[in-house]
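Structural overview for review
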Amino acid sequence: MRLEDHRIIDIPFNAAQHMGGAITPEVLILHDTAGRLTRGNSAAYLRRNDVGVSVHFVVERDGSCEQQVPTNRRANHAGKSTYHGRSGCNEFSIGIEIVNPGKMEPIDGVPLRGLAWWGQILTDGLEGDLAVKATPEHGSGVWMAYTEAQIETVTALARALFSGIPTLRDIRTHWYVSPGRKVDTNPLFPLEQVRNRVLGRDDPADLVAESGSIPMPAVTLARVATAGSRLNMRRWPSFNPNVIAGIPNGTVVPVLRSGLFDGRGWLCVQYDGLEGWISETYAQLL
Ligand SMILES: [Zn+2]
């Protein structure tokens, strides 16, 4: 995914009815649609409604996504909200709505079932994976897990936005900016995982990578030299599924650190606004 002219060029854009003036986005705010799971249902409502709500992006259960407001225009997604002392988050945030039924009431029996606010009964393993969970922020309820495809899309979208919008600096949820009034995203959302993958902070794997490597002298450069057309850039110095970018062969990148992990040399480099690790085997120090 790539941001160009305030739109993610790889996904459809269908303009929302309620679009405000110019904004400078600083925070990404994640929401649940708290609505039916049928593809396109919430997207259509958010595009056009009589209550004045709108959002920048909608992510369906199958991971497909639609943009409805350009990232430099105001959408009405957060309502009464405060971020670190500043109120009215719509003026400085981008909203992502993730399709999810929201909080459900438990219904006795096996398998677990939940009663959605619009009267539909959802069953664990049928419409989605359900769990009972309580947190101080959410209270207790039956909640539906997000699909793997949704998490991947939200992560890719957030990365593209952070890569293309230098003023963005945080990822939060609606419950964080509207405490006591809102409970989305739900307690099953892997918020820290997404924050770490996009923001690259506070991750134990980062600390291991840091302590096992040494900083390179300033302005050390390396040229990518791989047999393929692109070299995988990884979040951590390991071959686990942690690829965050593909660096075209022949690209020259700044090198920040180098280290030996699991018997193999790795370099921490900068590419496309991201920091990540490449195998030393496929890089030529200049
Ligand atoms: Zn919300």
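About the criteria used
- Residues numbered from 1 in each chain as written.
- Predicted model: local features only at pLDDT ≥ 70, side-chain atom pairs only at ≥ 80, totals over all residues.
- Heavy atoms only, no water.
- Donors = N, O, S within 2.8 Å, 3.2 Å for Na, K, Ca; no water.
- Buried < 20%, exposed > 50% of the residue type's maximum accessible area, 1.4 Å probe, protein only.
- Helix = DSSP H or I, 4+ residues; strand = E, 2+ residues; numbered from the N terminus.
- Lys, Arg positive; Asp, Glu negative; His and termini not counted.
- Salt bridge = Lys/Arg side-chain N within 4 Å of Asp/Glu carboxyl O.
- Polar contact = N/O pair within 3.5 Å; in protein donor to acceptor, adjacent residues only side chain to side chain.
- Contact = heavy atoms within 4.5 Å.
- Domains from an automatic or database assignment.
- Buried area = accessible area lost by both parts, 1.4 Å probe.
- Nonpolar A, V, L, I, M, F, W, Y, C, P; charged D, E, K, R; others polar.
- Pairing = 2+ DSSP bridges.
- Phe/Tyr/Trp six-rings, centres within 6.5 Å; stacked < 30°, edge-to-face > 60°.
- Lys NZ or Arg CZ within 6 Å of the ring centre and 35° of its normal.

1. Side note on the coordination of the zinc ion
- The zinc ion binds to the protein through His31 (ND1), His174 (ND1) and Asp184 (OD); the donor distances cover 2.0 to 2.1 Å.
- When its relative accessible area of 1% is taken as the criterion, His31 is described as buried.
- Among the residues examined, His174 registers a relative accessible area of 3% and is labelled buried.

2. Topic: the side chain of Arg159
- Relative to the helices and strands, Arg159 is located in helix H2 (residues 148-164).
- Of the side chains with opposite charge, Glu152 lies nearest to the buried Arg159, which makes no salt bridge, at 6.1 Å.
- A polar atom in the side chain of Arg159 sits 3.3 Å from the backbone oxygen of Arg197.
- Dropping the residues within four chain positions of it, Arg159 is found in contact with Arg197, Val198, Val243 and Ile244.

3. Remarks on the domain arrangement of the protein chain
- The assigned domain composition of the protein chain is domain 1 (3-100 + 146-199) and domain 2 (204-285).
- Between the C-alpha centres of domain 1 and domain 2 the distance comes to 31 Å.
- At the interface, four residues of domain 1 touch four residues of domain 2.
- Together, the buried faces of domain 1 and domain 2 total about 360 Å²; carbon and sulfur atoms form 43% of this surface.
- Here domain 1 is connected to domain 2 by zero salt bridges.
- At the boundary of domain 1 with domain 2, the tally comes to two residue pairs in polar contact (both at pLDDT 80 or more).
- Contributions of two or more residues to the side of domain 1 that touches domain 2 are made by H2 and helix H4 (191-199).
- Counted by class, the side of domain 1 that touches domain 2 contains no nonpolar, two polar and two charged residues.

4. Section: unusual backbone geometry
- Backbone torsion omega between Val110 and Pro111 reads -5 degrees, so that peptide bond is classified as cis.
- With respect to the helices and strands, the residue Pro111 is situated in the loop between strand S9 (105-107) and strand S10 (113-115).
- Put simply, Asp184 and Thr185 share a cis peptide bond, and its omega is 0 degrees.
- Here Thr185 lies in the loop between helix H3 (174-177) and H4.
- We note that Asp5 has phi near 55 degrees; this positive angle belongs to a residue other than glycine.
- Phi at Asp272 is positive, roughly 55 degrees, even though this residue is not glycine.
- Residue class for Asp272 comes out exposed when judged on its relative accessible area of 52%.

5. With respect to the pairing of strand S8 (residues 93-98)
- Most of S8 is tucked away: six of the six residues are buried.
- Neither face of S8 is open: one carries Ser93, Gly95 and Glu97, the other Ile94, Ile96 and Ile98, and all of them are buried.
- The pairing of strand S3 (residues 27-32) with S8 spans six bridges and is classified as parallel. Each residue of the ladder has a partner; that of His31, found in S8, is Glu97.
- Both strand S4 (residues 57-59) and S8 contribute to a ladder of three bridges, which runs parallel. Note that in S8 the partner of Phe57 across the bridge is Ile96.

6. Topic: the packing of aromatic side chains
- The tally for this structure, following the rule as stated, stands at five aromatic pairs.
- Centre to centre, the rings of Tyr83 and Phe92 are 6.4 Å apart; their planes meet at 55 degrees, and the pair counts as tilted. The pair Tyr83 / Phe92 is uniform in exposure class, with both members buried.
- Look at Phe261 and Trp277: their rings are 5.6 Å apart centre to centre, the planes differ by 80 degrees, and that puts the pair in the edge-to-face class. Linking Phe261 in strand S18 (residues 252-261) with Trp277 in strand S20 (residues 274-279), this pair joins segments that are 16 residues apart in sequence.
- Look at Phe261 and you get buried, because its relative accessible area is 12%.
- The cationic tip of Arg7 hangs over the ring face of Phe13; the distance from NZ or CZ to the ring centre is 3.9 Å.
- In this structure, Arg86 is placed above the aromatic ring of Phe92, and the distance from its NZ or CZ to the ring centre is 3.9 Å.

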